[in-house]
Amino acid sequence: MSEWLKKYRENHADFDKGESLTDLGTNPFAAFSRWFDEAVQNGEVEANAFVLSTSSSDEGVSSRIVYLKEMKDERFVFYTNYLSQKGRQMAAHPHVSMLFFWPGLQRQLRIEGTVEKVSEEVSDAYFASRPRESQLGAWASQQSEALTDRHELIARFEAYDAQFPAIVPRPPHWGGFALDAQYLEFWQGQPSRLHERRAYVRHQNQWQSKLLNP
Ligand SMILES: Cc1cc2nc3c(=O)[nH]c(=O)nc-3n(C[C@H](O)[C@H](O)[C@H](O)COP(=O)(O)O)c2cc1C
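Counting restarts for each chain: residues are numbered from 1 in the order of the written sequence. Thresholds applied to this predicted model are a pLDDT of at least 70 for local features of residues and 80 or more for the giving and counting of side-chain atom pairs; totals over whole chains, interfaces and linings are not thresholded and use all residues. Working from all heavy atoms in the structure, the side-chain values ignore hydrogens and water.

Moving on to the overall build of the protein. For the protein, the count of helices and strands is 6 helices and 9 strands. Dimensions of the protein, computed from C-alpha atoms along their principal axes, come out at roughly 60 × 50 × 40 Å. Within the protein, buried positions represent 38% of all 214 residues. Accessible surface is estimated by sampling points in the Shrake-Rupley manner with a 1.4 Å probe; for residues, cover comes only from the protein chains shown. Put simply, the protein shows about 12300 Å² of open surface, and 52% of that area lies on carbon and sulfur atoms. Each helix corresponds to a stretch of at least 4 residues labelled H or I by DSSP, and each strand to a stretch of at least 2 residues labelled E; elements are numbered beginning at the N terminus. Buried means the residue's accessible area, taken with a 1.4 Å probe over protein chains only, is under 20% of the maximum for its type, while exposed means over 50%, and partly exposed covers the values in between.

Here we come to the packing of aromatic side chains. Pairs were defined over the aromatic rings of Phe, Tyr and Trp, the Trp ring being its six-membered one, requiring ring centres within 6.5 Å. Orientation was assigned from the angle between planes: stacked under 30 degrees, edge-to-face over 60, tilted for the rest. Applying the stated criterion to the full structure yields 20 aromatic pairs. Aromatic side chains Phe-50 and Phe-78 sit 5.6 Å apart centroid to centroid with 70 degrees between the ring planes, which places their arrangement in the edge-to-face category. Residue Phe-50 is located in strand 1 (residues 49-56), and its partner Phe-78 is located in strand 4 (residues 75-81); the two are separated by 28 residues in the primary sequence. Judged by relative accessible area, which is 0%, Phe-78 ranks as buried. Plain terms: the ring middles of Tyr-126 and Trp-174 are 6.2 Å apart, the flat faces sit at 10 degrees to each other, and that makes the pair stacked. Of this pair, Tyr-126 sits in helix 4 (residues 120-128) while Trp-174 sits in strand 7 (residues 174-188), and the two are 48 residues apart along the sequence. Taken as a pair, Tyr-126 and Trp-174 share a single burial class, namely buried. Every member of this aromatic cluster is reached through a ring pair, and the members are Phe-29, Phe-32, Phe-36, Phe-50, Phe-76, Phe-78, Tyr-82, Phe-100, Trp-102, Phe-177 and Trp-207. Positioned over the ring face of Trp-35 is Arg-107, at 4.2 Å from the centre of the ring. Seen from the ring of Tyr-82, Lys-117 lies directly overhead, with NZ or CZ sitting 4.2 Å from the centre. Two conditions define a charge sitting above a ring: the NZ of Lys or the CZ of Arg must be within 6 Å of the ring centre, and it must be within 35 degrees of the ring normal.

This part takes up the site of the ligand. What makes a residue near a molecule or strand is one non-hydrogen atom of that residue sitting within 4 Å of it. The full set of residues close to the ligand is Arg-64, Ile-65, Val-66, Tyr-67, Tyr-79, Thr-80, Ser-84, Gln-85, Lys-86, Gln-143 and Ser-144. Interatomic distance of 3.3 Å between a backbone N/O atom of Gln-85 and an oxygen atom of the ligand. For the shell around the ligand, the element with the highest residue contribution is strand 2 (residues 60-67), accounting for 4 residues. Residues are grouped as follows: Ala, Val, Leu, Ile, Met, Phe, Trp, Tyr, Cys and Pro are nonpolar; Asp, Glu, Lys and Arg are charged; every other residue, Gly included, is polar. The residue makeup of the shell around the ligand, split by class, is 4 nonpolar, 5 polar and 2 charged. Definition of a polar contact: a pair of N or O atoms within 3.5 Å, with one able to donate and the other able to accept a hydrogen when the atoms are protein atoms, and with sequence-neighbouring residues admitted only if both atoms are side-chain atoms.

With respect to burial, strand 4 is a largely interior element, 6 of its 7 residues being buried. Two strands form a pair only when DSSP identifies at least two bridges running between them. When strand 3 (residues 70-72) meets strand 4, the two strands line up antiparallel, connected through 3 bridges. Directly across from Lys-72, in strand 4, lies its bridge partner Arg-75. As judged from the 7 bridges shared by strand 4 and strand 7, these two strands associate in the antiparallel manner. Directly across from Arg-75, in strand 7, lies its bridge partner Asp-180.

The next subject is the packing of helix 5 (residues 132-140) against helix 6 (residues 150-163). Here, axes are lines fitted to C-alpha atoms. For helices the fit covers the stretch in contact, and angles between N-to-C directions go from 0 to 180 degrees. Interaxial distance between helix 5 and helix 6 falls to 9 Å at its minimum, and their mutual angle equals 115 degrees. Considering only the axes of helix 5 and helix 6, their crossing is right-handed. On the side of helix 5, the interface is formed by Arg-132, Glu-133, Leu-136, Gly-137, Trp-139 and Ala-140, while helix 6 contributes Leu-153, Arg-156, Phe-157, Tyr-160 and Asp-161. Here the residues of the contact of helix 5 with helix 6 are counted per class, giving 6 nonpolar, 1 polar and 4 charged. Two helices cross in a left-handed way if the nearer one is turned anticlockwise from the farther one by less than a right angle. They cross in a right-handed way if the turn is clockwise. Whether two residues touch is decided by their heavy atoms; if any such pair falls within 4.5 Å, the residues are in contact.

What follows is the structure, given as C-alpha coordinates:
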(Lines give C-alpha, C1' and ligand atoms only; values in the text may rest on other atoms or scores of the structure.)
Protein backbone atom coordinates (compact mmCIF):
# COMPACT_ATOMS: atom_id res chain seq x y z
CA MET A 1 0.00 0.00 0.00
CA SER A 2 1.39 3.45 -0.85
CA GLU A 3 2.33 5.91 1.93
CA TRP A 4 -0.28 8.28 0.57
CA LEU A 5 -3.04 5.69 0.81
CA LYS A 6 -1.97 4.74 4.36
CA LYS A 7 -2.17 8.38 5.48
CA TYR A 8 -5.55 8.81 3.81
CA ARG A 9 -6.95 5.75 5.59
CA GLU A 10 -5.64 6.93 8.98
CA ASN A 11 -7.37 10.29 8.44
CA HIS A 12 -10.65 9.08 7.06
CA ALA A 13 -13.44 8.41 9.58
CA ASP A 14 -16.27 6.18 8.46
CA PHE A 15 -19.44 8.13 7.83
CA ASP A 16 -21.83 7.64 10.71
CA LYS A 17 -23.82 10.85 11.23
CA GLY A 18 -26.44 10.10 8.67
CA GLU A 19 -29.96 11.25 8.95
CA SER A 20 -32.32 9.69 6.48
CA LEU A 21 -33.04 11.68 3.34
CA THR A 22 -36.51 10.21 3.02
CA ASP A 23 -37.90 13.01 5.22
CA LEU A 24 -36.16 15.87 3.42
CA GLY A 25 -39.53 17.04 2.07
CA THR A 26 -40.85 17.85 -1.38
CA ASN A 27 -39.47 21.41 -1.72
CA PRO A 28 -35.75 21.40 -2.61
CA PHE A 29 -35.30 25.08 -1.68
CA ALA A 30 -36.67 24.50 1.82
CA ALA A 31 -34.32 21.50 2.04
CA PHE A 32 -31.41 23.69 0.86
CA SER A 33 -32.22 26.34 3.50
CA ARG A 34 -32.36 23.74 6.23
CA TRP A 35 -29.04 22.15 5.23
CA PHE A 36 -27.37 25.55 4.84
CA ASP A 37 -28.56 26.67 8.31
CA GLU A 38 -27.35 23.39 9.78
CA ALA A 39 -23.94 23.82 8.10
CA VAL A 40 -23.62 27.29 9.68
CA GLN A 41 -24.84 26.07 13.09
CA ASN A 42 -22.44 23.15 12.89
CA GLY A 43 -19.53 25.57 12.45
CA GLU A 44 -18.57 24.42 8.95
CA VAL A 45 -15.67 26.62 7.83
CA GLU A 46 -16.77 28.90 4.96
CA ALA A 47 -20.19 27.23 4.81
CA ASN A 48 -21.24 29.52 1.93
CA ALA A 49 -18.22 28.68 -0.26
CA PHE A 50 -19.00 26.44 -3.22
CA VAL A 51 -17.23 25.10 -6.29
CA LEU A 52 -18.52 26.82 -9.41
CA SER A 53 -17.92 24.90 -12.62
CA THR A 54 -18.31 26.68 -15.94
CA SER A 55 -17.39 25.70 -19.47
CA SER A 56 -16.61 26.94 -22.92
CA SER A 57 -16.13 25.18 -26.21
CA ASP A 58 -12.45 26.15 -26.53
CA GLU A 59 -11.35 26.04 -22.85
CA GLY A 60 -13.33 23.01 -21.65
CA VAL A 61 -14.50 22.92 -18.02
CA SER A 62 -13.06 25.20 -15.29
CA SER A 63 -13.79 25.18 -11.54
CA ARG A 64 -13.09 27.59 -8.70
CA ILE A 65 -14.49 28.56 -5.29
CA VAL A 66 -17.05 31.36 -5.06
CA TYR A 67 -19.22 32.62 -2.17
CA LEU A 68 -22.98 32.25 -2.22
CA LYS A 69 -24.39 35.62 -1.12
CA GLU A 70 -28.09 34.83 -0.97
CA MET A 71 -30.91 32.59 -2.07
CA LYS A 72 -33.69 34.89 -3.20
CA ASP A 73 -36.89 33.96 -5.03
CA GLU A 74 -35.50 30.42 -5.30
CA ARG A 75 -32.40 31.64 -7.15
CA PHE A 76 -28.80 31.30 -5.91
CA VAL A 77 -26.92 34.62 -6.13
CA PHE A 78 -23.15 35.17 -6.26
CA TYR A 79 -20.92 38.05 -7.39
CA THR A 80 -17.89 38.27 -9.62
CA ASN A 81 -16.12 40.13 -12.39
CA TYR A 82 -18.11 39.79 -15.62
CA LEU A 83 -14.87 39.94 -17.66
CA SER A 84 -13.15 37.15 -15.71
CA GLN A 85 -12.74 33.68 -17.18
CA LYS A 86 -15.89 32.47 -15.39
CA GLY A 87 -17.76 35.65 -16.32
CA ARG A 88 -16.96 35.22 -19.99
CA GLN A 89 -17.77 31.52 -19.90
CA MET A 90 -21.14 32.06 -18.19
CA ALA A 91 -22.10 34.77 -20.68
CA ALA A 92 -21.55 32.31 -23.54
CA HIS A 93 -22.59 29.05 -21.78
CA PRO A 94 -25.05 29.83 -18.98
CA HIS A 95 -25.45 26.20 -17.86
CA VAL A 96 -23.29 25.80 -14.74
CA SER A 97 -22.86 23.65 -11.66
CA MET A 98 -22.52 24.65 -8.00
CA LEU A 99 -21.12 22.21 -5.44
CA PHE A 100 -21.13 22.55 -1.66
CA PHE A 101 -19.19 20.19 0.64
CA TRP A 102 -19.86 20.28 4.37
CA PRO A 103 -17.49 17.62 5.73
CA GLY A 104 -18.44 18.06 9.43
CA LEU A 105 -21.96 16.93 8.54
CA GLN A 106 -20.76 14.49 5.89
CA ARG A 107 -22.90 16.23 3.32
CA GLN A 108 -22.53 17.22 -0.32
CA LEU A 109 -25.01 19.31 -2.27
CA ARG A 110 -25.03 19.61 -6.06
CA ILE A 111 -26.99 22.29 -7.86
CA GLU A 112 -27.20 22.60 -11.64
CA GLY A 113 -29.01 25.16 -13.72
CA THR A 114 -28.69 28.28 -15.82
CA VAL A 115 -27.39 31.67 -14.76
CA GLU A 116 -28.27 35.18 -15.75
CA LYS A 117 -27.01 38.53 -14.52
CA VAL A 118 -28.98 40.11 -11.67
CA SER A 119 -30.35 43.61 -12.24
CA GLU A 120 -28.01 46.61 -12.06
CA GLU A 121 -29.96 47.81 -8.98
CA VAL A 122 -29.37 44.54 -7.14
CA SER A 123 -25.65 44.61 -7.97
CA ASP A 124 -25.43 48.29 -6.95
CA ALA A 125 -27.08 47.60 -3.60
CA TYR A 126 -24.79 44.67 -2.83
CA PHE A 127 -21.66 46.53 -3.99
CA ALA A 128 -22.56 49.50 -1.78
CA SER A 129 -22.75 47.17 1.25
CA ARG A 130 -19.16 45.94 0.78
CA PRO A 131 -16.17 47.33 2.71
CA ARG A 132 -14.28 50.11 0.91
CA GLU A 133 -11.19 47.89 0.41
CA SER A 134 -13.27 45.24 -1.38
CA GLN A 135 -14.88 47.92 -3.54
CA LEU A 136 -11.48 49.30 -4.56
CA GLY A 137 -10.23 45.75 -5.12
CA ALA A 138 -13.03 45.17 -7.62
CA TRP A 139 -11.77 48.18 -9.62
CA ALA A 140 -8.08 47.28 -9.25
CA SER A 141 -8.25 43.60 -10.20
CA GLN A 142 -8.46 42.79 -13.89
CA GLN A 143 -9.58 39.36 -12.76
CA SER A 144 -8.08 36.38 -14.64
CA GLU A 145 -5.76 38.59 -16.77
CA ALA A 146 -1.98 38.17 -16.54
CA LEU A 147 -0.26 40.39 -13.96
CA THR A 148 3.34 41.59 -14.36
CA ASP A 149 3.91 41.84 -10.61
CA ARG A 150 2.03 42.66 -7.40
CA HIS A 151 3.15 46.30 -7.49
CA GLU A 152 1.07 46.80 -10.62
CA LEU A 153 -2.05 45.68 -8.71
CA ILE A 154 -1.25 47.78 -5.63
CA ALA A 155 -0.57 50.83 -7.80
CA ARG A 156 -3.98 50.44 -9.45
CA PHE A 157 -5.62 50.04 -6.01
CA GLU A 158 -3.99 53.27 -4.80
CA ALA A 159 -4.92 55.13 -7.98
CA TYR A 160 -8.61 54.21 -7.54
CA ASP A 161 -8.39 55.08 -3.82
CA ALA A 162 -7.32 58.60 -4.88
CA GLN A 163 -9.88 58.76 -7.72
CA PHE A 164 -12.81 57.87 -5.41
CA PRO A 165 -12.15 59.67 -2.10
CA ALA A 166 -15.76 59.31 -0.91
CA ILE A 167 -18.25 56.84 -2.44
CA VAL A 168 -16.81 54.10 -4.66
CA PRO A 169 -19.22 53.42 -7.54
CA ARG A 170 -19.73 49.85 -8.78
CA PRO A 171 -17.48 49.00 -11.72
CA PRO A 172 -19.67 48.28 -14.75
CA HIS A 173 -17.88 44.94 -15.24
CA TRP A 174 -18.64 43.69 -11.72
CA GLY A 175 -21.93 42.27 -10.51
CA GLY A 176 -24.09 39.33 -9.62
CA PHE A 177 -25.31 36.20 -11.31
CA ALA A 178 -28.41 34.31 -10.21
CA LEU A 179 -28.72 30.59 -10.83
CA ASP A 180 -32.11 29.16 -11.70
CA ALA A 181 -31.87 25.49 -10.67
CA GLN A 182 -33.09 22.53 -12.70
CA TYR A 183 -31.42 19.91 -10.50
CA LEU A 184 -30.52 19.70 -6.82
CA GLU A 185 -28.97 16.62 -5.26
CA PHE A 186 -28.50 16.02 -1.55
CA TRP A 187 -25.86 13.51 -0.47
CA GLN A 188 -25.59 12.24 3.07
CA GLY A 189 -22.73 10.00 4.20
CA GLN A 190 -23.83 6.76 5.81
CA PRO A 191 -21.91 3.80 7.30
CA SER A 192 -20.44 1.07 5.08
CA ARG A 193 -20.43 3.35 2.02
CA LEU A 194 -24.20 2.95 1.79
CA HIS A 195 -24.57 6.70 1.39
CA GLU A 196 -27.90 8.30 0.60
CA ARG A 197 -28.59 10.49 -2.43
CA ARG A 198 -31.80 12.29 -3.17
CA ALA A 199 -32.16 14.18 -6.44
CA TYR A 200 -34.82 16.78 -7.25
CA VAL A 201 -35.44 17.37 -10.95
CA ARG A 202 -37.64 20.11 -12.36
CA HIS A 203 -40.08 19.14 -15.10
CA GLN A 204 -42.25 22.01 -16.35
CA ASN A 205 -42.07 23.83 -13.01
CA GLN A 206 -42.92 20.72 -11.02
CA TRP A 207 -40.24 19.18 -8.82
CA GLN A 208 -39.94 15.43 -8.81
CA SER A 209 -37.60 13.64 -6.47
CA LYS A 210 -35.96 10.25 -6.53
CA LEU A 211 -33.31 8.35 -4.59
CA LEU A 212 -30.09 7.42 -6.39
CA ASN A 213 -27.59 4.67 -5.82
CA PRO A 214 -24.54 5.99 -4.01
C1 LIG B 1 -12.98 30.95 -0.13
C2 LIG B 1 -12.95 31.66 -1.47
C3 LIG B 1 -14.02 32.48 -1.83
C4 LIG B 1 -14.02 33.15 -3.06
N5 LIG B 1 -15.11 33.90 -3.40
C6 LIG B 1 -15.15 34.50 -4.61
C7 LIG B 1 -16.31 35.23 -5.03
O8 LIG B 1 -17.33 35.31 -4.31
N9 LIG B 1 -16.28 35.81 -6.26
C10 LIG B 1 -15.20 35.72 -7.09
O11 LIG B 1 -15.22 36.29 -8.18
N12 LIG B 1 -14.09 35.04 -6.73
C13 LIG B 1 -14.04 34.41 -5.51
N14 LIG B 1 -12.92 33.68 -5.15
C15 LIG B 1 -11.77 33.63 -6.09
C16 LIG B 1 -12.06 32.58 -7.17
O17 LIG B 1 -11.88 31.27 -6.65
C18 LIG B 1 -11.16 32.75 -8.41
O19 LIG B 1 -9.80 32.66 -8.06
C20 LIG B 1 -11.39 34.09 -9.14
O21 LIG B 1 -12.75 34.47 -9.11
C22 LIG B 1 -10.92 34.00 -10.58
O23 LIG B 1 -11.64 32.97 -11.23
P24 LIG B 1 -11.65 32.77 -12.84
O25 LIG B 1 -10.29 33.24 -13.34
O26 LIG B 1 -11.86 31.31 -13.01
O27 LIG B 1 -12.77 33.58 -13.36
C28 LIG B 1 -12.92 33.00 -3.94
C29 LIG B 1 -11.87 32.15 -3.58
C30 LIG B 1 -11.88 31.48 -2.37
C31 LIG B 1 -10.75 30.54 -2.03
